[in-house]
Amino acid sequence: MINAYEGVMDTNLVLPLAVDKCAVVFDYYFSDIGKKSLKRNQASIKVSEKVQDEDVAICDAVQKGLASRAYLAGRLSVRREAGEHLFHRLLHADLTRGIERQKNSAAD
C-alpha cells in the first residue's frame, strides 16, 4: 500500500505469515529531511503508528468475527463496500474478456 499526503509518503508491505497472521513493514519518505523538519517528520511517524495500532485492533476484531459460527458469507454491501464491489466487477469483466479471447483464438 502507498499513502501519500503533503510532503510525506509511506509504504506498507504486508507479508502473509499464516492463515491468520501477517507482518507489515512500514517505510516513510519525506520531501524535506533537513534538521528543521525532524520534529515534524517524527510527529508524522508517531501519528501513523497510532493509526496503524487502531487499524490492527479493528482487523483483529473483524477476523475474530469472521471466524465465529455466527458469521455467514454473503453479498457485498454496495453502499458500504463500493470499492470492493467495483473491483470485483472490473475483475469479472477482464476475466470474461480474456476467456472470450482465448476461445476465439482456439477457434481460429
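Placed above this text is the structure.
From a predicted model like this one, the values you see are computed outputs, not experimental measurements. (Residues numbered from 1 in each chain as written. Predicted model: local features only at pLDDT ≥ 70, side-chain atom pairs only at ≥ 80, totals over all residues. Heavy atoms only, no water.)

*Asks:* What exactly am I supposed to notice about the layout of surface pockets here?
*Replies:* If a probe the size of a water molecule is rolled over the atoms, the empty space left behind becomes visible. The volume enclosed by the largest pocket comes to roughly 670 Å³. Lining the largest pocket are 22 residues; nearest its centre among them are C22, V24, V56, C59 and D60. Of all the elements in the fold, those that place two or more residues in the lining of the largest pocket are β2 (8-18), β3 (21-30) and α1 (38-67). A total of 11 residues in the lining of the largest pocket trace back to one element, the largest contributor, which is α1. Of the residues belonging to the lining of the largest pocket, the class tally is 12 nonpolar, three polar and seven charged. Counted as a void, the second largest pocket has a volume near 170 Å³. What lines the second largest pocket is simply L66, Y71, L72, A73, G74, R75, L76, E81 and E84. Looking at the lining of the second largest pocket, its residues break down into five nonpolar, one polar and three charged. (1 Å grid on protein atoms, 1.4 Å probe; cavity = no way out; pocket = protein on both sides within 12 Å on 5 of 7 lines; lining within 4 Å. Points joined across faces, edges and corners; volume = space filled by probe spheres on them. Helix = DSSP H or I, 4+ residues; strand = E, 2+ residues; numbered from the N terminus. Nonpolar A, V, L, I, M, F, W, Y, C, P; charged D, E, K, R; others polar.)

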